Amino acid sequence: MCGIIGCVSEGPVSGILLDGLKRVEYRGYDSAGMATVNDGKLSVRKGAGRITDIERRKHLSALGGNVGIAHTRWATHGGVTDRNAHPHTSCGDTLAVIHNGIIENYIPLKTRLQSKGHVFKSETDTEVIAHIIEEEYGKRSDPLRATIAATRKLEGQYAIAVLFRDRPDVIVGARKDAPLIAGIGDGQMFIASDILAFIEHTDKTVFLDNQEAALITKDSLKILGADGRELSREPTQVAWELSNISRTKYAHHTLKEINEQRQTVAAAAVQDPAKLAAFAGAIRKAGTIFITGSGTSYHAGLLMKSRLNHEAGIRCDTVVSGELKEHSAFLGKGSVLIVLSQSGETADVLEAVKEAKGRGAKVLSIVNVAGSTLSRESDQTLLLNCGPEVGVAATKSFTAQAVVVNMVVDAVLGRKRSEGVEELPKAVEEALKTERQIKAIVQKYMDRPDFYFVGRGYQSPVALEGALKLKELSYIHAEGMPASELKHGTLALIETGTPVVVINPSGENHADTLSSSEELRARGADLIGISDVEDRVYKHFVRVPRVQPKFMPIVEVIPLQLLAYHFAVAKKRDPDYPRNLAKSVTVK
Ligand code: AGP
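In this report, we go over the structure that sits alongside the text.

Cut-offs used in this document
Residues numbered from 1 in each chain as written. Predicted model: local features only at pLDDT ≥ 70, side-chain atom pairs only at ≥ 80, totals over all residues. Heavy atoms only, no water. Phe/Tyr/Trp six-rings, centres within 6.5 Å; stacked < 30°, edge-to-face > 60°. Buried < 20%, exposed > 50% of the residue type's maximum accessible area, 1.4 Å probe, protein only. Pairing = 2+ DSSP bridges. Helix = DSSP H or I, 4+ residues; strand = E, 2+ residues; numbered from the N terminus. Axes fitted to C-alpha atoms, helices over the stretch in contact; angles between N-to-C directions. Contact = heavy atoms within 4.5 Å. Right-handed = clockwise from strand over helix to strand, strands pointing away. Expected span 1.5 Å × (residues − 1). Parallel < 35°, antiparallel > 145°, perpendicular 65-115°, else oblique. Left-handed = near helix turned anticlockwise from the far one by under 90°. Polar contact = N/O pair within 3.5 Å; in protein donor to acceptor, adjacent residues only side chain to side chain. Near = heavy atom within 4 Å. Areas by Shrake-Rupley, 256 points an atom, 1.4 Å probe, with all protein chains shown as cover. Nonpolar A, V, L, I, M, F, W, Y, C, P; charged D, E, K, R; others polar. Salt bridge = Lys/Arg side-chain N within 4 Å of Asp/Glu carboxyl O.

Description of the packing of aromatic side chains
Then, number 1: Under the criterion given, the structure shown has 7 aromatic pairs.
Then, number 2: A ring pair is formed by Phe451 and Phe453, whose centres lie 6.1 Å apart and whose planes are at 35°; its orientation type is tilted.
Then, number 3: On the basis of an interplanar angle of 10° and a centroid distance of 6.0 Å, the ring pair of Tyr538 and Phe541 is categorised as stacked. For the pair formed by Tyr538 and Phe541, the shared burial category is buried.
Then, number 4: Ring pairs connect the aromatic residues Tyr445, Phe451, Phe453 and Phe567, which therefore count as one cluster.

In structure tokens, the structure reads:
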């Protein structure tokens, strides 16, 4: 939920840190700050607001020094204020800490520290870390081991970077249940919560595992395991190009990523046949199967469940990750948990994985970020290959998930290839041409307080996804549901002019969904039909191309993504950084 970056370099670091911070701003953006050590002085500049505002007010990039840390925050404990922004320092500013995660036992720790004379400046949980490390550093002048000793007192999740005033040549990092990655540069080294923070400088990375700690200098990396023993780990090279994360000609990352789907649906289809077969084999052999994910990833999981149930005759349940423990009695040896996650760092998802593994289940994951915690905790992983998704709203990752889950189901069905996948780039191109029509629809419904999205069967998850997109990007209340459910209550909310998006492709459910549409229209609703076949019942008809039924959600969701995006722009929201949200929800 926060972005952290540290750098030790041969030259000044503040500009490097500021650029890196901007690239991880999507992880949290209510306040930000930076600390460097220069000429024996530790300097901190920070405040509430977006990074560019704070740079304008506090001139972060004017900080001197070849070692520094920087942070962009999504507030958990302590309001959005200048004082609560990170970095946080110890008494006497002997060290500074930045943190992603939650320290669950910070209140008793803070009380004990205050009773020993420590003076606190903020309301955050993070600040206790600074004072505990200060105590441990006073016992031994080894910054790495002092930090490890301090983290042993912490309960909760943390990825931290620590800067020591008397050690302008090092930064220490440590993690538990939150991502932390080292970047191996040329004459400079990085520690960050996200590869994107330093991808411009190096693509050589070392992912820290849980309860490991690291010390970086400008040209070295030392890692200690939870037992204090030194570990050696070969760097891995990430495949992401820097160009993937610039907006290029688009006004926002979100619009760029919606348009990238022309290519990413094809990239998602490039799967190692042996890995795909192994993934399918594990599903075929499984006892109980649960599919889990959060938000958009959960919706993709519903698509997978629908086909496994209907076409493969494999019974499985799809559960939002935060609720999996309610069902874990059915997980045991021989069970399989299929996990979908773009980031591979979602706390609810990792919690579900821990629960499942604790019961002996096998974990199969479909992830976008290679090397993420989820991918390293899984028995088998398939990658989405859709490149970094910077916009907080999941767009290209959803359609990539829809491609991969269909390829997996087709492999479970014994099909050598996923028929129809080759037509997707052209079909996506067609679906993207609805943008002008969507913008006109947006203008017509700017003042409507509520939107409804309905679909049947395989289109129900698309209705849920359309509603989620609209809510998180435009802040308009929206509800997605099976069309059959309308008459069991929600129909009472329909009045003249209520906009209802009906996702209704030709096929087995088309007639029944038209009947639901007539019921809605009879009560005054304005129907926006998303389909390959027009019908007079719709007030607005948005045509999408006909592809294989299993892939229809991919072309149907694109006008819904555009609807959410253009509502956000029309309502002067920031589509890339919606309020209260963050791209990777690494706290429970
Ligand atoms: C979707 O647009 C949201 N950003 C959110 O629901 C997201 O899908 C969810 O937090 C899961 O993230 P993950 O795929 O990285 O696990």
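Here we look at the sheet that holds strand 2 (residues 31-38)
Then, number 1: Strands sit in the order 3-2-4-1-10-9-11-15 across an open sheet of 8 strands; the sheet is antiparallel. The open sheet terminates on both sides in strands that have one partner only, identified here as strand 3 (41-48) and strand 15 (236-237).
Then, number 2: The sheet contact formed by strand 9 (residues 181-184) and strand 10 (residues 188-192) spans 4 bridges and is antiparallel. Each bridged residue has a counterpart across the sheet, and for Ile184 the counterpart in strand 10 is Met189.

Quick notes on the sheet that holds strand 25 (residues 540-543)
Then, number 1: Read from one edge of the open sheet, 5 strands run 22-21-23-24-25, paired in parallel fashion. Every interior strand has two partners, whereas the edge strands, strand 22 (477-482) and strand 25, have only one. Direction aside, the axes of adjacent strands within the sheet are offset by 20° on average.
Then, number 2: Here strand 24 (residues 526-531) pairs with strand 25 via 4 bridges, running parallel. Looking at strand 25, one finds that Ile528 is bridged to His540.
Then, number 3: Its contacts with the sheet put helix 15 (residues 460-474) on strand 21 (450-455), strand 22 and strand 23 (499-503), and the angle it makes with strand 22 is roughly 175°.

Structural notes on the pairing of strand 23
Then, number 1: For strand 23, a buried count of 5 out of 5 residues is recorded, marking the element as mostly surrounded by other parts of the structure.
Then, number 2: Here strand 23 shows a buried face lined by Pro499, Val501 and Ile503 and a second buried face lined by Val500 and Val502.
Then, number 3: Across 4 bridges, the pairing between strand 21 and strand 23 is parallel. Paired with Phe453 across the bridge in strand 23 is Val501.
Then, number 4: Two elements, strand 23 and strand 24, share 5 bridges in a ladder whose sense is parallel. Bridge pairing in strand 24 places Val502 opposite Gly529.
Then, number 5: Considered for its hand, the β-α-β crossover made up of strand 23, helix 16 (residues 510-522) and strand 24 is right-handed.

Description of helix 16
Then, number 1: When the terminal C-alpha atoms of helix 16 are compared, their 18 Å separation across 13 residues agrees well with the 18 Å that a helix rising 1.5 Å per residue should span.
Then, number 2: In this structure, the buried residues of helix 16 make contact with strand 23 and strand 24.
Then, number 3: Just downstream of helix 16, Gly524 is the residue with a positive phi angle, here 100°.

So, the packing of helix 9 (residues 295-310) against helix 12 (residues 396-412)
Then, number 1: At a minimum axis separation of 9 Å, helix 9 and helix 12 run at an interaxial angle of 25°. In terms of their interaxial angle, helix 9 and helix 12 are classed as roughly parallel. The two elements helix 9 and helix 12 meet at a crossing, and its hand is right-handed. Contact with helix 9, carried on its side by Thr296, Ser297, His299, Ala300, Leu303, Met304, Arg307 and Leu308, involves Phe398, Gln401, Ala402, Val405, Asn406, Val408, Val409, Asp410 and Val412 of helix 12 and no other residues of that element.

Some points on the side chain of Asp576
Then, number 1: Mapped onto the elements, Asp576 comes out in the segment after helix 17 (552-570).
Then, number 2: Since its relative accessible area comes to 2%, Asp576 is described here as buried.
Then, number 3: A polar atom in the side chain of Asp576 sits 2.7 Å from the side chain of Thr254.
Then, number 4: If we ignore the near neighbours within four places in the chain, the residues touching Asp576 are Arg247, His252, His253, Thr254, Gly391 and Val392.

What about the site of the ligand?
Then, number 1: The immediate surroundings of the ligand are formed by 15 residues, with Ser297, Ser341, Ser343, Thr346 and Glu472 found nearest.
Then, number 2: Gln342 has a polar backbone atom sitting 2.7 Å from an oxygen atom of the ligand.
Then, number 3: Within the backbone of Val392, an N or O atom sits 2.7 Å from a nitrogen atom of the ligand.
Then, number 4: The fraction of the free accessible surface of the ligand (410 Å²) that becomes covered by protein chains is 90%.

Description of unusual backbone geometry
Then, number 1: For the peptide bond that leads from His86 to Pro87, omega is 5°, which places it in the cis range.
Then, number 2: We note that Gln211 has phi near 60°; this positive angle belongs to a residue other than glycine.
Then, number 3: Position of Gln211 relative to the elements: it lies in the loop between strand 11 (204-207) and strand 12 (213-217).
Then, number 4: Notably, Lys572 is not glycine yet its phi reads approximately 60°, a positive angle.
Then, number 5: Inspection of the secondary structure puts Lys572 in the segment after helix 17.
Then, number 6: For Lys572, a relative accessible area of 75% corresponds to the exposed category.

With respect to the packing of helix 14 (residues 435-444) against helix 17
Then, number 1: Direction vectors running N to C along helix 14 and helix 17 enclose 50°, while the axes themselves pass 9 Å from each other. When the axes of helix 14 and helix 17 are compared, the pair comes out oblique. Crossing of helix 14 against helix 17: the hand is right-handed. Side by side, helix 14 and helix 17 meet where Glu435, Ile438, Lys439, Ile441, Val442 and Gln443 of the first sit next to Pro559, Leu562, Leu563, His566, Phe567 and Ala570 of the second.
Then, number 2: Looking at the contact of helix 14 with helix 17 residue by residue, the class counts come to 8 nonpolar, 2 polar and 2 charged.

Section: the pattern of salt bridges
Then, number 1: One pass over the structure, following the stated rule, counts 39 salt bridges.
Then, number 2: We note a salt bridge from Arg376 to Asp209, for which the minimum N-O separation is 2.0 Å. Of this pair, Arg376 sits in helix 11 (residues 373-377) while Asp209 sits in the loop between strand 11 and strand 12; the two residues are 167 residues apart in sequence, bridging distant segments of the chain.
Then, number 3: Residue Arg376 is classed as partly exposed on the basis of its relative accessible area, which comes to 30%.
Then, number 4: The class of Asp209 is partly exposed, set by a relative accessible area of 30%.
Then, number 5: Linked through salt bridges whose partners overlap, the residues forming this network are Arg307, Glu311, Asp410, Arg415 and Lys550.

Structural notes on the environment of Thr76
Then, number 1: Relative to the assigned elements, Thr76 resides in the loop between strand 4 (67-73) and strand 5 (88-89).
Then, number 2: Residue Thr76 is classed as partly exposed on the basis of its relative accessible area, which comes to 31%.
Then, number 3: C-alpha separation for the pair Thr76 and Asp125, spaced 49 residues apart in sequence, amounts to 8.6 Å.

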